[in-house]
Amino acid sequence: MDLVDVDDLTTDELHAVLDRAAELKAAQRDGTSPDHSPLADQTLGMIFEKPSTRTRVSFETGMTQLGGHAIFLGPDDIHLGHGEPVKDTARAVSRYVDFIMARVFDHADVVELAEYATVPVINGLTDDAHPCQTLADLLTIRERFGFDTSVAWVGDGNNVCQSFVLGAAMTGLDLTVATPEGYGVDEGVLKRARGLGGDPTLTNDPEAAIADADVVYTDVWVSMGQEDERQQKLNDFEGFQLTADRIGDRPLMHCLPAHRGEEVTDDALESENAIVWDQAENRMHAQKGLLVWLSEQ
Ligand code: CP
Ligand code: NVA
């Protein structure tokens, strides 16, 4: 079983992963874990074509805490990207490790990795999806508010948003997605979300989306690999910036890293409403839950 996107899990499986994550988090906090090393002697191979702070550190630390080990495979460390095809990398690395996590540009590459690998492949972000972020976001929302909550996504409708749309559909969150025209969620993703019972409201009006929401969520306007589009995107996203004044007393979510002064202001991110550090911490707990759950399948 792989996690190329959130909807590779059934709704029941998604809740089971979140339950496992919550158990492991509680056990770590109060020292009650019956088994501190469920992944003893197991190894996670971590392939990175793009930079990362949270994904790399949370997966590596998580594996250590579970009694296993993680190997960082950066863009200059392996032959992937230097002539060896994805399918060969998948089959060779599968002969050594117990799980593969991959952060790549082209979503088709993680699909191919999953097709050829003989161990579970976990998507650590592609241009189109970021399911591990969604697991952490859902864990954070469940802990703080429960799923009977309305969330306004304000910003780009790409990878982080798209996985969140699927996760929201699977958990019954009331979601409004406000993007500039031309930056909306992919039609195929919307179709999958609707097939899962989701019905996100789509708008180009950030103000209306925020007004009706319990929680506000944003992501960078200039994603990794889009640096050449920077000026165009700054122009196109004018009016979508989240300021402390604009969000009022609504909790603020952000997957991070944040580009202060672009999608979010410093005062919003530094305000008591920002729950971004809990989200970041929950990356590790959610992924620990996922890894242990995968090992039990
Ligand atoms: N949110 C997230 O995936 O952060 P990193 O790019 O630091 O891994
Ligand atoms: N949309 C951002 C998310 C970073 C975690 C990017 O792809 O760079």
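Source: prediction; values computed, not measured.

Draft legend 1. Just the site of ligand 2, in detail. As a matter of local geometry, ligand 2 sits amid Leu125, Asn158, Asn159, Val160, Asp219, Val220, Ser223, Met224 and Leu256. Asp219 places a polar side-chain atom, nitrogen or oxygen, 2.7 Å from a nitrogen atom of ligand 2. Within the side chain of Ser223, one N or O atom sits 2.7 Å away from a nitrogen atom of ligand 2. When the free accessible area of ligand 2 is taken as 270 Å², the share hidden by the protein chains comes to 96%. The pocket occupied by ligand 2, as judged from atoms lying within 2 Å of grid points, is the largest pocket. Residue classes in the shell around ligand 2 are distributed as five nonpolar, three polar and one charged.

Draft legend 2. Spatial organisation of the site of ligand 1. Surveying the vicinity of ligand 1 reveals the residues Ser52, Thr53, Arg54, Thr55, Arg103, His130, Gln133, Cys255, Leu256 and Arg283. In the model, an oxygen atom of ligand 1 is placed 2.7 Å from a nitrogen or oxygen of the Thr53 main chain. Between an oxygen atom of ligand 1 and a side-chain N or O atom of Arg103, the distance comes to 2.8 Å. For ligand 1, whose free accessible area comes to 250 Å², the fraction covered by protein is 97%. Taken atom by atom, the bulk of ligand 1 overlaps the largest pocket. A breakdown of the residues in the shell around ligand 1 according to their chemical character gives two nonpolar, five polar and three charged.

Draft legend 3. A look at the environment of Ser295. For Ser295, the position within the fold is in helix H12 (residues 276-295). The class for Ser295 is partly exposed, based on a relative accessible area of 33%. Distance in space between the C-alpha atoms of Ser295 and Val185 is 32 Å, their sequence separation being 110 residues. In contact with Ser295, other than residues within four places in its own chain, are Leu39 and Phe99.

Draft legend 4. Inspection of a negative patch on the surface at higher detail. Among the surface-exposed residues, Asp106, Asp128, Asp186 and Glu187 lie close enough to one another that they form a single negatively charged patch. For Asp128, the position within the fold is in the loop between strand E4 (121-123) and helix H5 (131-144).

Draft legend 5. A look at the sheet that holds strand E5 (residues 150-154). Judged by pairing direction, the sheet is parallel, and its five strands sit side by side in the order E7-E6-E5-E8-E9 without closing on themselves. The open sheet has two edge strands, strand E7 (201-203) and strand E9 (252-254), and neither has a second partner. The average undirected angle you get between the axes of adjacent strands in this sheet is 20°. By the bridge criterion, three bridges tie strand E8 (residues 215-218) to E9 in an arrangement that is parallel. Looking across to E9, one finds that Thr218 is bridged to His254. Of the strands in this sheet, E5, strand E6 (174-178) and E8 touch helix H6 (residues 159-171), which is tilted by about 155° from E6.

Draft legend 6. Structural detail: the sheet that holds strand E2 (residues 69-73). The parallel open sheet is built from four strands, whose spatial order is E2-E1-E3-E4. Edge positions in the sheet fall to E2 and E4, since each has one partner strand and no second. Each neighbouring strand pair of the sheet contributes to a mean axis angle of 20°, computed without reference to strand direction. Pairing geometry for strand E3 (residues 99-103) and E4, over three bridges, is parallel.

Draft legend 7. A look at the pattern of salt bridges. Evaluated as defined, the whole model comprises 16 salt bridges. Where Asp5 meets Arg192, a salt bridge forms, and the shortest distance between an N and an O atom there is 3.4 Å. A residue pair is termed long-range when its members are at least 10 positions apart, and Asp5 in the segment before helix H1 (11-30) and Arg192 in helix H7 (residues 187-195) qualify at 187 residues. With relative accessibility at 34%, the residue Arg192 sits in the partly exposed group.

Definitions and limits used
Residues numbered from 1 in each chain as written. Chains lettered and ligands numbered in written order. Predicted model: local features only at pLDDT ≥ 70, side-chain atom pairs only at ≥ 80, totals over all residues. Heavy atoms only, no water. Near = heavy atom within 4 Å. Polar contact = N/O pair within 3.5 Å; in protein donor to acceptor, adjacent residues only side chain to side chain. Areas by Shrake-Rupley, 256 points an atom, 1.4 Å probe, with all protein chains shown as cover. 1 Å grid on protein atoms, 1.4 Å probe; cavity = no way out; pocket = protein on both sides within 12 Å on 5 of 7 lines; lining within 4 Å. Sits in = over half its atoms within 2 Å of the grid points. Nonpolar A, V, L, I, M, F, W, Y, C, P; charged D, E, K, R; others polar. Helix = DSSP H or I, 4+ residues; strand = E, 2+ residues; numbered from the N terminus. Buried < 20%, exposed > 50% of the residue type's maximum accessible area, 1.4 Å probe, protein only. Contact = heavy atoms within 4.5 Å. Patch = residues over 30% accessible without salt bridge, like charges linked within 9 Å, V, L, I, M, F, W, Y side chains within 5 Å. Salt bridge = Lys/Arg side-chain N within 4 Å of Asp/Glu carboxyl O. Lys, Arg positive; Asp, Glu negative; His and termini not counted. Charge placed at Lys NZ, Arg CZ, Asp CG, Glu CD. Pairing = 2+ DSSP bridges. Axes fitted to C-alpha atoms, helices over the stretch in contact; angles between N-to-C directions.

It is worth stressing that arrangement in space is one thing and function is another; only the former is reported here.
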